[in-house]
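Secondary and tertiary structure notes
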Amino acid sequence: MNAQATDPIRILPAQVAARIAAGEVITRPLAVVRELLDNAIDAGASDIEVHIEHGGYRLIAVHDDGHGISRTDAALVGERHATSKLTGDEPAGVTTLGFRGEALASIIAVADFDIRTRHAGEPVGTLISARAGCKDVLRPISRNVGTSVEVRDLFAAYPVRRAAADPARELGAIQRWVARAAVVHTQVAFRLRVDRGVTLQTSGTDEQAALAEVFGAEVAQRFLRIGPREHSGTAFVGWVGGPSLHRSRRDSIVVAVNGRLCDIPEISRAIDSAAAENFPRRRYPYVILHIDAPAAWVDVNVHPAKAEVALLDSATLAQHIRQELRRELGRGLHEPTPAVRLALADQDLPRYRLSEVPTEYQSTPDWGALIVLRGNLPELRILGQLDETLIVCASELGTLLIDQHRAHERVIYEALLARSTVAVQPAVHVTLTQRQDVLLQTRFDDLTESGWSLRDTGPGVWQVEAVPAGFDPEDLSAVLDRAIIDGSESILAAAACHAAIRKRRPLSPGVAHALLGALTNTAQPATCPHGQPIVLRLDRQFLERQFEWR
Ligand code: ADP
Ligand code: MG
């Protein structure tokens, strides 16, 4: 029945009000994970284990070795606005991740929990339990210094949220979040256990180790350093994946302000615009960006989930970040190092007899007449082919030497990235090992986005219904295995390499013309999918230096 206009105004019972407030803080399992990780990091933990069952709806547990909660403080845990982190009056200048004293109180309202904790200065620990919205047990236990929080049956009393639950999606989001936390807090060892196994583990040694542990050694090797740069009190430092590394999702863009994972809209736009100049459309870079700003310049209280922060003068900072990213990513055409001397010395010359002058260095009239119109490369006049490997062109940037194999690789790679999908008919069943199965669940979203259509049909068995164009459907389990381990992108690069014209193949002028026409229309004509140069430029200045004309 609807409330009547004449119903009197009432003050809601405290428990109802608490539930309403809790609903805003704890909207989904991911929110619990974020709050518990914040607490563990605030407690100075160096080792954190997260355990998730059924996408967090059945269990979310976070174990840390931080300073723990004292017996006296334990009595306050779970009360609203109970926090040890704000000592002054207002949240300006907070240096901890938490500050509202809201998280644990909200979790009590929407789930059952047990906290087992022991404070660094005390001989015994405390068990704090809460069931059905009420804290009801507080008793001594023995355990190591640190805190374990176990949250069970989230939203059991909220049938609508429970019905809308999507454990697989939630798990993906949690895994991505823990990975992001691990590349920001690299001094902490993280372990993520998901139902059947460990899906992420870092050693807590240093930044490079964490990048390799989270993204894989091969990807981490191709990261470029950005910064450190400082501008009127705010500093930034970090990493960007090299120009050949890009992803279909934005979730490898990690921004942290004073150690807090967050979004600053202006900085996200700066990253996007630097990426747009260097990557194919709708592809995103790997970015790890640590911003250090005086605490008083950061407003962390602009978003209920603390996901967004406002930063004084973020526009200028964004500009500097954009410049730095552009510089690192857009090194443009690769030039030979000027230190290398190209001048032929007399003793380098073999003893030629007139009849042995190699003919491949001569341009036929046909060659010199072919023009490729300006695309993402300048207008090219094709002079010939060198060594049956390089196409030589004149351009306004100087003489360009273009590697025919890498040029073709780039053209094919971008065609594959266009993500056309081929149906596998009839669908094929692939049986995976337990490790593959866990990995596949982790990468499920990525694979789907890159054109795979996969259905979980039983423990360890997946039905493959479609694959990205360019793959051989004959050998699906091998291809899927590589896709799971490497991500779909690196197999695309391998497929392109396989299909491209080799070195030491004579090209006709017409074929060279068609190839360069396609190359100039690719998004990144100067770098092959493995990140190596496609084009060398011998410009005027370079030749002047080498010939010592001046
Ligand atoms: P906040 O983090 O905003 O202070 P919470 O509700 O998340 O609020 O936590 C309340 C208080 O409980 C914290 O201020 C802290 O004193 C204590 N606490 C929570 N989790 C931990 C933990 N893992 N280790 C030590 N203390 C903790
Ligand atoms: Mg907190």
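My aim in this report is to walk through the structure given alongside it, one point at a time. It should be emphasised that the depicted structure is a prediction, and the values quoted were computed from it without experimental measurement.

1. Considering the sheet that holds strand β3 (residues 112–118)
An order of β5-β4-β3-β6-β2-β1-β7-β8 is seen for the eight strands of this open sheet, with the pairing classed as mixed. Strands at the two margins of the open sheet, each flanked by one partner only, are β5 (134–141) and β8 (197–201). Across the sheet, the axes of successive neighbouring strands diverge by a mean angle of 15 degrees, strand direction being ignored. Taken strand by strand, helix α2 (residues 29–42) contacts β1 (47–53), β2 (59–64), β6 (146–152) and β7 (189–194), and its axis lies near 10 degrees from that of β2.

2. Digging into the pairing of strand β17 (residues 380–386)
On any regular strand, side chains alternate: one points to one face of the sheet, the next to the other face. Bridging between strand β16 (residues 370–372) and β17 involves three bridges; their strand directions are antiparallel. Residue pairing in the sheet places Leu370 in a bridge with Ile382 of β17. Across five bridges, β17 lies against strand β18 (residues 390–395) in antiparallel orientation. Note on β18: the bridge partner recorded for Gln385 is Ile391. The turn joining β17 and β18, which pair antiparallel and follow one another in sequence, is formed by three residues; a positive phi near 60 degrees is taken by Asp387.

3. Structural notes on the pattern of salt bridges
Applying the stated criterion across every chain yields a total of 21 salt bridges. Between Asp47 and Arg191 there is a salt bridge, and its shortest N-O distance comes to 3.6 Å. On the criterion of sequence distance, the pair formed by Asp47 in strand β1 and Arg191 in strand β7 is long-range, its members being 144 residues apart. With a closest N to O distance of 2.9 Å, Arg410 and Glu414 form a salt bridge.

4. Some remarks on the packing of helix α6 (residues 167–184) against helix α7 (residues 207–215)
Each packed pair of helices is defined by two parameters, the angle between the axes and the distance between the axes. For the pair α6 and α7, interaxial distance at closest approach is 8 Å and the crossing angle is 160 degrees. When the axis of α6 is compared with that of α7, the two are roughly antiparallel. Crossing of α6 over α7 shows left-handed handedness. Touching Ala179, Ala182 and Val183 of α6 are Ala210, Leu211, Val214 and Phe215, all from α7.

5. Brief notes about the site of ligand 1
Residues in contact with ligand 1 amount to 18 residues; listed here are only the nearest, Asn39, Thr83, Ser84, Lys85 and Gly101. Asp64 places a polar side-chain atom, nitrogen or oxygen, 2.9 Å from a nitrogen atom of ligand 1. A distance of 3.3 Å separates a nitrogen atom of ligand 1 from a polar atom in the side chain of Thr147. When ligand 1 is considered free in solution it has 530 Å² of accessible area, and contact with the protein chains removes 93% of it.

6. Quick notes on unusual backbone geometry
With omega at 0 degrees, the peptide bond leading from Gly227 into Pro228 counts as cis. Among the secondary structure elements, Pro228 is positioned in strand β9 (residues 223–231). Cis geometry marks the peptide bond from Gln425 to Pro426, where omega comes out at -5 degrees. As for its placement among the helices and strands, Pro426 is situated in strand β20 (residues 421–431). Positive phi, close to 60 degrees, is recorded for Asp387, a residue that is not glycine. Structurally, Asp387 can be placed in the loop between β17 and β18.

Calculation notes
- Residues numbered from 1 in each chain as written.
- Chains lettered and ligands numbered in written order.
- Predicted model: local features only at pLDDT ≥ 70, side-chain atom pairs only at ≥ 80, totals over all residues.
- Heavy atoms only, no water.
- Pairing = 2+ DSSP bridges.
- Helix = DSSP H or I, 4+ residues; strand = E, 2+ residues; numbered from the N terminus.
- Axes fitted to C-alpha atoms, helices over the stretch in contact; angles between N-to-C directions.
- Contact = heavy atoms within 4.5 Å.
- Salt bridge = Lys/Arg side-chain N within 4 Å of Asp/Glu carboxyl O.
- Parallel < 35°, antiparallel > 145°, perpendicular 65-115°, else oblique.
- Left-handed = near helix turned anticlockwise from the far one by under 90°.
- Near = heavy atom within 4 Å.
- Polar contact = N/O pair within 3.5 Å; in protein donor to acceptor, adjacent residues only side chain to side chain.
- Areas by Shrake-Rupley, 256 points an atom, 1.4 Å probe, with all protein chains shown as cover.

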